[in-house]
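# Geometric and topological summary
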Amino acid sequence: MALGREDEYLTTGLWPATQAYMKEFGLGEPSPLLSKFIEPDSGEWDRSYFYTNFEIGHLPFFRSEAYQSFFRHLDKQGGFYYFRWGDAPIRLLGVALHSPLSAVYRFGDIPYSHK
């Protein structure tokens, strides 16, 4: 599984909306998982996302109130429609906000090529 960087124009407003969510729900400092994707100098999200068509997700997590509240918050911002926020960056941020680092497994032994 590789990490990609989403184009800046496709993430317009996504990080500020995520920060507002964190503040509203009292999440405080970024989790250890989210911290891996934060630029140390600026404190900005580096626009990373899991760059793969092979994912295994735990559906109860994505249906959980924690993840759904994040999704609803983003939906209210309108970025899905106005800025084309994509599923991969949303998943990365949602997982990084609400999952421990140990809950994410990176399949390094399965080759992947995006064409």
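Residues numbered from 1 in each chain as written. Predicted model: local features only at pLDDT ≥ 70, side-chain atom pairs only at ≥ 80, totals over all residues. Heavy atoms only, no water.

### Observations regarding the layout of surface pockets
- Taken as a whole, the largest pocket encloses approximately 400 Å³ of empty space.
- Contributions of two or more residues to the lining of the largest pocket are made by α3 (59-62) and α6 (87-98).
- A breakdown of the residues in the lining of the largest pocket according to their chemical character gives 11 nonpolar, 3 polar and 2 charged.
- Taken together, 10 residues make up the lining of the second largest pocket; nearest its centre are Lys36, Phe37, Phe50, Val104 and Arg106.
- Partitioned by chemical class, the residues of the lining of the second largest pocket number 8 nonpolar, no polar and 2 charged. (1 Å grid on protein atoms, 1.4 Å probe; cavity = no way out; pocket = protein on both sides within 12 Å on 5 of 7 lines; lining within 4 Å. Points joined across faces, edges and corners; volume = space filled by probe spheres on them. Helix = DSSP H or I, 4+ residues; strand = E, 2+ residues; numbered from the N terminus. Nonpolar A, V, L, I, M, F, W, Y, C, P; charged D, E, K, R; others polar.)

### Details of the packing of aromatic side chains
- Scanning the entire structure with this criterion turns up 7 aromatic pairs.
- Taken together, the ring pairs in this structure connect Tyr21, Phe25 and Phe70 into an aromatic cluster. (Phe/Tyr/Trp six-rings, centres within 6.5 Å; stacked < 30°, edge-to-face > 60°.)

### Re the packing of helix α1 (residues 14-24) against helix α4 (residues 65-77)
- Two numbers describe how α1 lies on α4: the axes approach to 10 Å, and their chain directions differ by 130°. By the criterion of interaxial angle, the relationship of α1 to α4 is oblique. By crossing handedness, the relation of α1 to α4 is classed as right-handed. Packed against α1, whose contacting residues are Leu14, Ala17, Thr18, Ala20, Tyr21 and Glu24, the element α4 presents Ala66, Ser69, Phe70, His73, Leu74 and Gln77 at the interface. (Axes fitted to C-alpha atoms, helices over the stretch in contact; angles between N-to-C directions. Parallel < 35°, antiparallel > 145°, perpendicular 65-115°, else oblique. Left-handed = near helix turned anticlockwise from the far one by under 90°. Contact = heavy atoms within 4.5 Å.)

### Some remarks on the environment of Tyr9
- One can find Tyr9 in the loop between β1 (2-5) and α1.
- Once the C-alpha coordinates of Tyr9 and Arg84 are considered, the two residues, 75 residues apart in sequence, prove to be 8.8 Å apart.

### Structural notes on the packing of α4 against α6
- At their nearest, the axes of α4 and α6 sit 10 Å apart, and the two run at 135° to each other. Between α4 and α6, the crossing angle belongs to the class labelled oblique. Crossing hand, α4 versus α6: right-handed. Taking contact as the criterion, the partners of Ala66, Tyr67, Phe70, Phe71 and Leu74 in α4 are, on α6, Ile90, Arg91, Leu93, Gly94, Val95, Leu97 and His98.
- When the residues that make up the contact of α4 with α6 are grouped by side-chain class, the tally is 9 nonpolar, 2 polar and 1 charged.

### Focus on unusual backbone geometry
- With a phi angle near 65°, Arg47 is a residue other than glycine that sits in the positive phi range.
- In this structure, Arg84 takes a positive phi of about 60° despite not being glycine.
- Looking at where Arg84 falls in the secondary structure, it is placed in the loop between α5 (79-82) and α6.

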